[in-house]
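Given next are the chains, with one letter for each unit.
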Amino acid sequence: RILGQSMMDPTGMSLPMMDTPADQLRNGFNAGAVPRPAAHPLEAIQKNFEQTAWMNKLGTVERLHGSGAVLKLRTQRHVMEQFRRAPGLPSSHIGLQTVLGEDGMIEFEDILADPLEAPDLEPVAIRRAMQVPFGVL
């Protein structure tokens, strides 16, 4: 836990002080870390690129086809984000990729280096994987 008070260093910048040690076993390795500002101005742009691209697409669709088309796209995206296959079966999310317009480009990961085709992949016990979400076990 970081205290609200801070100690002044020789350069005049304040340093946060902790009153208790960070519990890394429960909260992870970055439990005591202070949020840092973006290292570079482009880092913030890269983090928000997908959201910005989606909002730009919605704006373009609204100007061209009206607000009804935007509502339809938002509904389709919401439905496709919730789609899941049974545990143990690969889920390609091709419907979501189609709604987002990402299906027009074939990338390296689409053809080679598929993690589901790895020789050391252990089979999943489908019955057990289905029982866990429903609380049977």
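Use the structure listed above.
Let me begin by describing the structure that accompanies this report. (Residues numbered from 1 in each chain as written. Predicted model: local features only at pLDDT ≥ 70, side-chain atom pairs only at ≥ 80, totals over all residues. Heavy atoms only, no water.)

You can see Arg 77 is positioned in helix α4 (residues 67-82). Judged by relative accessible area, Arg 77 falls into the buried class, the value being 18%. Excluding its chain neighbours within four sequence positions, the residues that come into contact with Arg 77 are Trp 54, Leu 96, Val 99 and Leu 100. (Helix = DSSP H or I, 4+ residues; strand = E, 2+ residues; numbered from the N terminus. Buried < 20%, exposed > 50% of the residue type's maximum accessible area, 1.4 Å probe, protein only. Contact = heavy atoms within 4.5 Å.)

Quick look at helix α3 (residues 49-65) now. For α3, spanning 17 residues, the distance from its first C-alpha to its last is 24 Å, which sits close to the expected 24 Å at 1.5 Å a residue. Within α3, the full set of buried residues consists of Trp 54, Leu 58, Gly 59 and Val 61. One side of α3 holds all its buried residues, which, seen down the axis, span an arc of 165°. In α3, the exposed residues that point more than 90 degrees away from the buried face are Phe 49, Arg 63 and Leu 64. After α3 finishes, the residue Gly 66 shows a positive phi value of roughly 100°. (Expected span 1.5 Å × (residues − 1). Arc of directions from axis to C-beta.)

Another aspect to go through is the pattern of salt bridges. Close approach of charged atoms lets side chains of opposite charge pair. By the definition in use, this model includes 2 salt bridges. Across the salt bridge formed by Glu 43 and Lys 47, the nearest N and O atoms sit 3.8 Å from each other. Taken together, the residues Glu 43 and Lys 47, both in helix α2 (residues 41-47) and 4 residues apart, mark about one turn of the helix. (Salt bridge = Lys/Arg side-chain N within 4 Å of Asp/Glu carboxyl O.)

To continue, consider the packing of aromatic side chains. With the rule as written, the count across this model stands at 0 aromatic pairs. Taking NZ or CZ as reference, Arg 77 lies 4.6 Å from the ring centre of Trp 54, over its face. (Phe/Tyr/Trp six-rings, centres within 6.5 Å; stacked < 30°, edge-to-face > 60°. Lys NZ or Arg CZ within 6 Å of the ring centre and 35° of its normal.)

Of all hydrophobic cores here, the largest spans 6 residues; its members are Trp 54, Leu 58, Val 61, Val 70, Leu 73 and Val 99. Counting only elements with at least two residues in this core, the list comes to α3 and α4. The biggest single contributor to this core is α3, with 3 residues. Once you skip the residues sitting within four places of it in the chain, Val 70 turns out to touch Leu 58, Val 61 and Glu 62. (Core = buried A, V, L, I, M, F, W, Y, C linked by side-chain atoms within 4.5 Å.)

As a further point, take α4. The terminal C-alpha atoms of α4, which comprises 16 residues, lie 23 Å apart, in line with the 22 Å expected from a rise of 1.5 Å per residue. Of the positions making up α4, those classed as buried are Val 70, Leu 73 and Arg 77. Down the axis of α4, the smallest arc covering the buried residues is 60°, so these residues share one side. In α4, the exposed positions angled more than 90 degrees off the buried face are occupied by Leu 71, Lys 72 and Gln 82. Looking at the buried residues of α4, the elements they touch are α3 and α5 (94-100).

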